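Residue-level structural notes
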Amino acid sequence: MCPDPAQPLVLAAGSGNGKLALVNFASDGKIMKEFVPKCSRACNAVAWSPAQPALVAVGLNKLRQDCSTLVWDINSCSGAEAEAVSNTSLARRHESSSTPLYNLGNCEGAASLCWSPDSYGQTLLVGTTYKWMRVYDLRTGGTSPTKAAIAHSKQVCGMCLDPLDGRRVATFSEDGFVKVWDMRMINSTKTTPVSIVNAGPSKIRQISWCPTRAGVLTTHCEGSPNIVMWNLSSNNPTQVHDSDEAATVQPWQEHAEPCGEPYVSFDWHPSIENRMLMLTGTDQLQDTLLRRPMALSWAADGSLAYSCERSLNCLGPPAGDIVVEMLRLAVPPSTTP
């Protein structure tokens, strides 16, 4: 969806032949504009720049002697600086364009894309079909990545940046592991992830950072009725160098579908804490408010303390309680000499 608040119902969709279509659901879902690559191939990923709404990146399958990561300017501006989406540019009739603003990743397929959430909106992360994670700074005007690291043993199926910490990015592959990277350490002498999560034996379908709670990573595996949350908010996370150590990471919280039906997708609410929208395999939407288990503690005088999310509450002993009365009779009143 378009990140511009003025155009919330504009959707960018990639097709099997590589075309990028802009669809406006405010006008009966009509296609307003299409962007056509030079050579037809399947589209694997589409990402809209959150800070520059005119820039849309498209990841395509590998093709010899051609780039597979294309950045389109939906306003068809010239130069490296694209302006924000305007009502007039999106209200135009159905048009087609075939000249991308940037051509990246020559002879290398793109499996996943992610924009940096910084104020410039010019940093693009690309997960390739051959184990690499590459970082492109479009402000340099070049086609070579500014940073690169071998992220997985197979293709990087998905990646996402922490919205509360733009230096932290999570990636996953077909091996069932999610790796969390520090953007500042990529391209160093020996790039290693700051933490690794073993999400399970099943194929990972989706990962997402919680936008309201720092360091909470959410994962969902294919065919699973569970949404699993991992707490990675440690200020000094231990670096993990092999999968055996990664298995020691334990889930922080887990939400299970009441009827055991597998989930297909999920999404966090952008501002309401612990609220999540989930879609099941039978196309049922569930709007759920997740709660952590309460921690309880009894005091000797009968008071009860309990925690509820970020608040700590205390209840005094009820009036006339028999336990309080017996305690009063058993303990003699204090006397002063």
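Conventions and cut-offs
- Residues numbered from 1 in each chain as written.
- Predicted model: local features only at pLDDT ≥ 70, side-chain atom pairs only at ≥ 80, totals over all residues.
- Heavy atoms only, no water.
- Buried < 20%, exposed > 50% of the residue type's maximum accessible area, 1.4 Å probe, protein only.
- Helix = DSSP H or I, 4+ residues; strand = E, 2+ residues; numbered from the N terminus.
- Pairing = 2+ DSSP bridges.
- Axes fitted to C-alpha atoms, helices over the stretch in contact; angles between N-to-C directions.
- 1 Å grid on protein atoms, 1.4 Å probe; cavity = no way out; pocket = protein on both sides within 12 Å on 5 of 7 lines; lining within 4 Å.
- Points joined across faces, edges and corners; volume = space filled by probe spheres on them.
- Nonpolar A, V, L, I, M, F, W, Y, C, P; charged D, E, K, R; others polar.

A short note on the pairing of strand β14 (residues 165-172)
In terms of residue burial, β14 counts as a mostly covered element, since six of its eight residues are buried. Pairing of strand β13 (residues 158-162) with β14, which is carried by five bridges, proceeds in the antiparallel orientation. Considered in β14, the bridge of Asp162 is made with Asp165. Following β13, the chain reverses through two residues before pairing antiparallel with β14.

What about the sheet that holds strand β25 (residues 304-308)?
Pairing is antiparallel across the open sheet formed by three strands, whose spatial order is β24-β25-β26. Because the sheet does not close on itself, it has two edges, and the strands there are β24 (296-298) and β26 (311-315). Across this sheet, the average inter-strand angle for adjacent strands is 15°, counted without regard to direction. Note: β25 against β26, five bridges, orientation antiparallel. Its bridge partner lying in β26, Cys308 is registered against Ser311.

Comments concerning the sheet that holds β13
Spatially, β13-β14-β15-β16 is the arrangement adopted by the four strands of the open sheet, whose pairing is antiparallel. The outermost strands of the open sheet, each flanked by one partner alone, are β13 and β16 (195-198). When strand polarity is set aside, the average angle formed by the axes of neighbouring strands in this sheet is 20°. Inspection of the sheet shows strand β15 (residues 177-182) paired to β16 by four bridges, in the antiparallel sense. Of the residues in β16, the one forming a bridge with Val180 is Ser195.

Quick word on the layout of surface pockets
Counted as a void, the largest pocket has a volume near 1,300 Å³. Along the wall of the largest pocket there are 33 residues; nearest its centre are Met159, Cys160, Ile207, Ser208 and Asp267. Looking at the lining of the largest pocket, the elements with two or more residues in it are β4 (43-48), β9 (110-115), β13, β17 (204-209) and β21 (263-268). For the lining of the largest pocket, the class distribution of residues is 25 nonpolar, six polar and two charged.

Topic: unusual backbone geometry
With a phi close to 60°, Gln65 is a non-glycine residue in the positive phi region. Here Gln65 shows up in the loop between β5 (55-60) and β6 (67-73). Positive phi is not limited to glycine here, since Asp283 has a value of about 65°. Locating Asp283 in the fold gives a position in the loop between β22 (275-280) and β23 (285-289).

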